[in-house]
Amino acid sequence: KKEKRSATCELSYTKPRFLKDFALSVQAVKSLLNNSELSSHCVDLHGASVELRGERHGALGHAVKLHTEWRDIGHLSAHASARVAESQGNSIKSSVEYVYEMDRRDSPIAPTTGDYVRVSTEVAGLGMGCRFFRHEAETQLNVPLSDIVVRRYRFRSLRPCRRRRAREKCSEPCRKPPGSKYS
């Protein structure tokens, strides 16, 4: 019977006040991912990264990251696709990434109001290995559900029937005025 285990070991160190206004993080990763059931291969990954993060000024934050990874794809099964078989062996990735964040949420864990924007750009292939350019964006807009319900109710109550406003009894339904775009 085949082993179906994956394991990851990660070691990180952070110096919060590096060069007065910056935080420095250093990280090392060793990972063995057994994808034999889903993708018919295993991945052995060794990586390191260094991150320099600027001190937040209000809601704004910036970071620069350097990544290096060595990846070995192996243990292919007979059912492996041609694409997986092509990528078998060793590969190296070295990249630099810039991250911009704007966070105006009331809480990063369970926000109820505010917005969040994160934009990152990564360029790989600094002298060796795989080459690519990746640009990612993430956004959030948090609005309490009670505000949406109250605003909708207030919007609908802006145009009441004239007869109801005057507390008159009428048997016919209220109609919108001619030329009105509201219902």
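Refer to the preceding data block for the structure.
Please read all numbers here as calculations on a predicted model, not as lab measurements.

Chemist: Honestly, the sheet that holds strand S4 (residues 60-74) in this entry has me stumped. Any pointers?
Modeler: Sheets are built from strands paired through backbone hydrogen bonds, the pairs being either parallel or antiparallel. If you trace the 7 strands from one edge of the open sheet to the other, you get S1-S2-S3-S4-S5-S6-S7, paired in antiparallel fashion. Unpaired on one side and paired on the other, strand S1 (7-18) and strand S7 (132-142) mark the two borders of the sheet. Looking at each pair of strands side by side, their axes are set apart by 15° on average, direction ignored. As paired elements, strand S6 (residues 114-124) and S7 share 11 bridges and run antiparallel to each other. Residue pairing across strands places arginine 118 opposite glutamate 138, the latter belonging to S7.

Chemist: Would you mind showing me how to read the packing of aromatic side chains here?
Modeler: Working definition: an aromatic ring pair is given by the centre-to-centre distance plus the angle between the planes. For the structure shown, the criterion picks out 0 aromatic pairs. Taking NZ or CZ as reference, arginine 105 lies 4.3 Å from the ring centre of tyrosine 116, over its face.

Chemist: Is there a simple way to think about the side chain of serine 95 in this case?
Modeler: Mapped onto the secondary structure, serine 95 falls in strand S5 (residues 89-103). Judged by its relative accessible area of 1%, serine 95 falls in the buried class. There is a polar contact of 2.8 Å between the side chain of serine 95 and the side chain of glutamate 122. Excluding residues within four positions of it along the chain, serine 95 makes contact with Lys65, Leu66, His67, Glu122, Val123, Ala124 and Leu126.

Chemist: Where do I start with a nonpolar patch on the surface in this structure?
Modeler: Side chains of Tyr13, Val26, Val50 and Leu66 sit close together on the surface and give an oily, nonpolar patch of about 350 Å² of accessible area. Mapping valine 26 onto the fold places it in strand S2 (residues 22-34).

Each value, and the rule that gives it
Residues numbered from 1 in each chain as written. Predicted model: local features only at pLDDT ≥ 70, side-chain atom pairs only at ≥ 80, totals over all residues. Heavy atoms only, no water. Pairing = 2+ DSSP bridges. Helix = DSSP H or I, 4+ residues; strand = E, 2+ residues; numbered from the N terminus. Axes fitted to C-alpha atoms, helices over the stretch in contact; angles between N-to-C directions. Phe/Tyr/Trp six-rings, centres within 6.5 Å; stacked < 30°, edge-to-face > 60°. Lys NZ or Arg CZ within 6 Å of the ring centre and 35° of its normal. Buried < 20%, exposed > 50% of the residue type's maximum accessible area, 1.4 Å probe, protein only. Polar contact = N/O pair within 3.5 Å; in protein donor to acceptor, adjacent residues only side chain to side chain. Contact = heavy atoms within 4.5 Å. Patch = residues over 30% accessible without salt bridge, like charges linked within 9 Å, V, L, I, M, F, W, Y side chains within 5 Å. Areas by Shrake-Rupley, 256 points an atom, 1.4 Å probe, with all protein chains shown as cover. Salt bridge = Lys/Arg side-chain N within 4 Å of Asp/Glu carboxyl O.

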